[in-house]
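# Close look at the chain arrangement
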Amino acid sequence: TRPSKAKVPLTSGAAVGGKVASQQPWSDSAPEATPSDLGLSTRLQAAAKAGDLPTAEAAMREMLQAGPKPSVVCYGVLVAAHAKAGNLVAAEKWLAALQQAGIGSPNAICMNIVISACAKSGDLEKAEAFLAKMPELGVERDVMSYNAVIDACARAGDVEKAEAWLSRMRDDGVAPNVVSFSSVLHACAKASDASRAEHWLFAMTDSPGGPLEPNTICYNAVIHACCKAGDVERAAYWIDQMTAHGIRPTVNSFSTIIDRLARTGDMATAEGWLDRMAQAGVEADVVSYNMILCNYSKSGEPEHAFSVFQRMLERGVTPNTVSFNLVLNVHARTGDSAGTRQRLQDMRRLGVEADRVTYSTAIKAFAKHGDVRGAEALLREMHSSRIQPDVQVFNAVIGACARAKDPERAEKWLQQMAKDGLEADASSYHAMIEVCAQIGDFQRAEQWFQKLDKAGLQASASTYNLMVSTCAKMGDMHRAEHLLSKMEAVQVEATGTTYNSLISACAKRGDISRSERWLNRMTASGAHADVASYSALVHACAKASDLPGAEGWVRKMEEARVEPNVVTYNSVINACARCGDAAKAEVWFQKMLSQGITPAVLTYNSLINACAKGGDLAKAEHWLRSMSEQGVLPDDVSFSTVIHACGQKQDPQRAEQWLERMCSGKSAGVEKPSAFCYNSVTQAWARAGAAGRAAHWLNFALRDNVECSAASFSAVVAAFVRRSNLPEAEKWLRGMLDAGHPVPRSGSGGSEALASAWQHKGEHARAAALRSLPVEAPAATRERSWRTSASASAGRSGAASWRQDGGSSRA
């Protein structure tokens, strides 16, 4: 039966601040229980109140089966208990059972609880249905009934329905209260409709039941609506209005504005609102600070993030787990393991509990820094804290091991992952493939690739790219092409990187036609051919001294609207150099400048080489001077090309001037001349017959721990023999042996020519001694010579390979 209005005053059962008060969810006029009823009924009510629904249901079933028959009270408490627990199906079932029992009706409080449960679960349709059913059950709808439905509309963001129910309750003679309006305001805020929210705030003062004073919740809803609409100034106006009406803004009033500013990236203004909060006597809470920290964490601005974090501490606000996680993420982005370690210590000191995010973020920081031991230690600590790591955490540690090129360690953690009941994913296998590829163990990489396939996982495009690239680098084009075919078969889209690996590998092998075939296949697949794709073909043509081919590919890339870069131009100028076409090299150089591309040292070196090969020494020297004037430091190759060209022009004095410039330290790009420079000058003077000058430079090189070639020693020997200075010639011949070089028998600089000269002078013993010299230097001498020259070998090999390849090896 429906309770009378006299027995249910507003304060006892309708609304107090929008919440259900102390009235119980059953009818006051239910028949009084007999002593025999009290045992099961009391047990049911106690269990329902404690939230023990299985016990309450058991008591109800026992009453239904064996008696006494349950009263309206029993049905009411069971309906309400299920509704509060969010179990609407069960609440609806017992409400229907009450109707079928025909013993009475639930009261308004019971129905309101059910409607509120519908609102909380987001089931607006059911909330409306229960409200509509109340008159059918003989239950009068009160303000709380309507408020519960309006709340459901607000939670669903349905402003129109919320407004319609507010109008309906007025039409039904029920006066809306502050809670009614605040729910409508909440709906407006959720819909980002600031104008509508302001309309309803003003409407409160003109309510039919009498003017209502908006409270903090109402103002905060309007502020929220303004912020969601992106109007921070309007939101600030309403904070001022709150204060003007004697209502003190809360943390939420300010934090809504701070959140909006932080999300839009206006961090300076967001931080300014922290000051404004303090001036208003409202202390920012940890959530307010976290809003600002979140933006700095995402954008990776360590200085600002740490400043806000420090400000939080100074204001006496204790950071929570989220605060530390956000700051840890800043450290993780930069791989700052030291900072990560300090934050973890601060967490322990402040008694802030670490969660899964804390550990995973910190582990990623250590992994990115390459601190494998630190990452491993945290993973073990995570285990000991009984926080189960996920696959991503294990992958971070495995990835760190992979970057450290430690496949055994990576495999150990993969096994530990399996022991923890976690299945490795494609990223786990990718890390294993990567570490094997890095150490050059392709067979092992392929085994892991096969394991990935057997695990039923789909390799990603990046994994295929890695495998194809590794095969290509090893020269196994058949396997690389097979992998690409497999990608197509399993419908993994090959990227430009995949094709570029194949194009580049073929180009390096000089297989231009195969490179071209892969480029055509790349464009046919829809993948975008980029500057690297075309530049590889230009380089291949340059390597083959195919200047027309190199120029043709530059034209093709321009037709495809792919802009050549410095590498492209370097390659085509190198092709000109290989063909000795200085004029064309200069044309391409000028075109490069016109495109706004700054030439590098390799560009000038190729240009110098083109002039040198074309026999234009003056032009070669011009470009060597010009590069310095343009702020490009010449290197050993720049000088050695010009010095060699001077020697070829039989101009040793000019070659010597360039070498002296190198030795003087005036060339900032060169530490000291290479063996090739010394050899060129030595041999040039020797060919000119200036044995003393040749010996001077050879001696200078040896004092500088530069290993000169056997040809330079032979040239000096021959020069002294021609000048009949046999003692000096013999000294340098034996010096050749001491330097670890084999002594040639024949030739003008060989032991036979010198022996013959001594014999001609009647020095038969000396001649015989020379003829008995070993052809090769003793092993100990060769080893000593190799160790002496080791420090200069890098520069020497670089210059030598550049000469053989026309500069392309350095390009």
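These numbers were taken from a predicted model, which means no experiment stands behind them. (Residues numbered from 1 in each chain as written. Predicted model: local features only at pLDDT ≥ 70, side-chain atom pairs only at ≥ 80, totals over all residues. Heavy atoms only, no water.)

## A short note on helix α40 (residues 710–722)
Its 13 residues place the ends of α40 18 Å apart at the C-alpha level, agreeing with the 18 Å of an ideal helix rising 1.5 Å per residue. A large share of α40 lies buried, amounting to 10 of its 13 residues. Inspection of α40 places Ser712, Phe713, Ser714, Ala715, Val716, Val717, Ala718, Ala719, Phe720 and Val721 among the buried residues, and these make up the whole buried set. Check the buried side of α40 and you find it contacts α38 (675–687), α39 (691–703), α41 (726–738) and α42 (751–760). (Helix = DSSP H or I, 4+ residues; strand = E, 2+ residues; numbered from the N terminus. Expected span 1.5 Å × (residues − 1). Buried < 20%, exposed > 50% of the residue type's maximum accessible area, 1.4 Å probe, protein only. Contact = heavy atoms within 4.5 Å.)

## A closer look at the nonpolar core
One broad rule of soluble globular proteins: the nonpolar side chains tend to lie buried together. Core analysis: the biggest nonpolar cluster contains 260 residues, and Leu185, Ile257, Ile363 and Ile643 have the highest contact counts within it. Here this core takes 10 residues from helix α6 (residues 108–120), the largest share from any one element. When neighbours within four sequence positions are excluded, isoleucine 363 is seen to be in contact with Ala375, Leu378, Leu379, Met382, Val393, Ala396 and Val397. (Core = buried A, V, L, I, M, F, W, Y, C linked by side-chain atoms within 4.5 Å.)

## Comments concerning the packing of aromatic side chains
On inspection of all chains with the given rule, the structure shows 22 aromatic pairs. With centroids separated by 6.2 Å and ring planes inclined at 50°, the aromatic side chains of phenylalanine 181 and tryptophan 200 adopt a geometry described as tilted. Here phenylalanine 181, found in helix α10 (residues 178–190), pairs with tryptophan 200, found in helix α11 (residues 194–203); they are 19 residues apart in sequence, far enough to count as distant. Comparing phenylalanine 181 with tryptophan 200, the two get one shared label, buried. Their ring planes at 50° and their centres at 6.1 Å tell us that phenylalanine 713 and tryptophan 732 sit as a pair that is tilted. Here phenylalanine 713, found in helix α40, pairs with tryptophan 732, found in helix α41; they are 19 residues apart in sequence, far enough to count as distant. Pair check on accessibility: phenylalanine 713 and tryptophan 732 agree, each one buried. Following the ring pairs from residue to residue traces out a cluster consisting of Phe202, Tyr219, Tyr237 and Trp238. Between arginine 343 and the ring centre of phenylalanine 306, over which it is positioned, the NZ or CZ distance is 4.9 Å. (Phe/Tyr/Trp six-rings, centres within 6.5 Å; stacked < 30°, edge-to-face > 60°. Lys NZ or Arg CZ within 6 Å of the ring centre and 35° of its normal.)

## A word on the pattern of salt bridges
Under the defined criterion, the tally for this structure stands at 35 salt bridges. Measuring nitrogen to oxygen at the nearest pair gives 3.7 Å for the salt bridge that ties arginine 43 to glutamate 62. Of this pair, arginine 43 sits in helix α2 (residues 35–50) while glutamate 62 is found in helix α3 (residues 53–66), placing the two residues 19 residues apart along the sequence. Here glutamate 62 falls in the partly exposed class, since its relative accessible area comes to 36%. One network of salt bridges, with partners in common, ties together Glu160, Glu163, Asp193 and Arg196. (Salt bridge = Lys/Arg side-chain N within 4 Å of Asp/Glu carboxyl O.)

## Focus: unusual backbone geometry
Positioned with a positive phi, serine 192 is a non-glycine residue whose angle comes to about 60°. Within the element layout of this structure, serine 192 appears in the loop between α10 and α11. Positive phi is not limited to glycine here, since asparagine 705 has a value of about 60°. A relative accessible area of 40% places asparagine 705 in the partly exposed class.

## Observations concerning the environment of leucine 88
For leucine 88, the location among the structural elements is in helix α5 (residues 88–101). Placed 30 residues apart in sequence, leucine 88 and cysteine 118 show a C-alpha to C-alpha distance of 7.2 Å. Once residues within four sequence positions are removed from consideration, leucine 88 is found in contact with Val114, Ala117, Cys118 and Ser121.

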